[in-house]
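The chain contents come next:
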Amino acid sequence: MKDQKAVIVTGAGGNLGSAVVRELANAGAKLVCMNRSSHELEALAGDLPASTEFLSIAGTDLTDYASCASAVARAVKRFGGVSALVNTVGGFQMGPVGPEAPAQWETMMTANARTALTISAAVLPTMKAAGYGRIVHIAAAPGLKAGAKQAAYAASKAAVIRLTEAIAAECRDDRITANCILPGTIDTPENRAAMPDAKTDGWVSPQSIARLIAFLISPAAAVVTGAAIPATGRE
């Protein structure tokens, strides 16, 4: 991975994003860490190997193309290019199809689908120019089949899956792959607090998902594209 250009990780200060950053840093990747808060990035930087080449970008509006394009330009200026995008940004809300549903639909589509679309659109030109790229988004199983009170959330994650498939089809000849992951319940402090009585032994650790992502953005995964990959197994 050391001979590649930079890897952009969005939501780098979050539970999954920070696990991805640590996994890639240990493999010698050059990292562009995007996050809403600069404080989380500062804390993350202190946990990485001293040799890590690391660019922090805080406050990018992932729903705005110009803001995303500016962040990508900073990455290209610093590292000469972008070999991969790992997009961990998203949101979760549940609710029935009722009076509050239209607002929730807008929120979920913005948080999950629009952000994935916009950062992908911003990073693709530099990948196409290089003739190489890897894109990984985080989707969810409800994107394949929704349950009760999941209309907005499931629709937004379905949009991420369809976006991933479209990018893969459009960019195959550019040697750019696009895949998304459908995690099981991720073992985070927030999920444990929200579900104090749940059995957690089957939950998926952020670190295990990070290892899967590291494979998907590697040269070894060149033939994997357009996939929605479940990450629900037992470690």
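Where an unreviewed UniProt entry is consulted, the chain appears under the name SDR family NAD(P)-dependent oxidoreductase, with the organism given as Rhizobium indicum. Per UniProt, the comment on the chain under Sequence similarities (unreviewed entry) is "Belongs to the short-chain dehydrogenases/reductases (SDR) family."

The computed volume of the largest pocket comes to approximately 1400 Å³. Of all the secondary structure elements, the ones that give two or more residues to the lining of the largest pocket are α1 (15–26), β2 (31–35), α4 (101–130), α5 (151–171) and α6 (189–194). Split into classes, the residues belonging to the lining of the largest pocket amount to 17 nonpolar, 18 polar and five charged.

Attention now goes to the sheet that holds strand β6 (residues 176–183). Within a sheet, adjacent strands bond to each other through the backbone by hydrogen bonds, running parallel or antiparallel. In spatial order, the strands read β3-β2-β1-β4-β5-β6-β7; together these seven strands make up an open sheet with parallel pairing. Bordering the open sheet on either side are β3 (54–58) and β7 (228–231), each of which pairs with just one other strand. The average undirected angle you get between the axes of adjacent strands in this sheet is 20°. The sheet contact formed by strand β4 (residues 82–87) and strand β5 (residues 133–138) spans four bridges and is parallel. Considered in β5, the bridge of N87 is made with H137. Strand contacts of helix α2 (residues 38–45): β2 and β3, with the helix running at about 165° to β3, the strand carrying the most contacts. Along the sheet, α4 makes contact with β1 (6–10), β2, β4, β5 and β6, crossing β4 at roughly 170°.

Criteria and cut-off values
- Residues numbered from 1 in each chain as written.
- Predicted model: local features only at pLDDT ≥ 70, side-chain atom pairs only at ≥ 80, totals over all residues.
- Heavy atoms only, no water.
- UniProt positions renumbered as here; feature names shortened; annotations may be inferred.
- 1 Å grid on protein atoms, 1.4 Å probe; cavity = no way out; pocket = protein on both sides within 12 Å on 5 of 7 lines; lining within 4 Å.
- Points joined across faces, edges and corners; volume = space filled by probe spheres on them.
- Helix = DSSP H or I, 4+ residues; strand = E, 2+ residues; numbered from the N terminus.
- Nonpolar A, V, L, I, M, F, W, Y, C, P; charged D, E, K, R; others polar.
- Pairing = 2+ DSSP bridges.
- Axes fitted to C-alpha atoms, helices over the stretch in contact; angles between N-to-C directions.
- Contact = heavy atoms within 4.5 Å.

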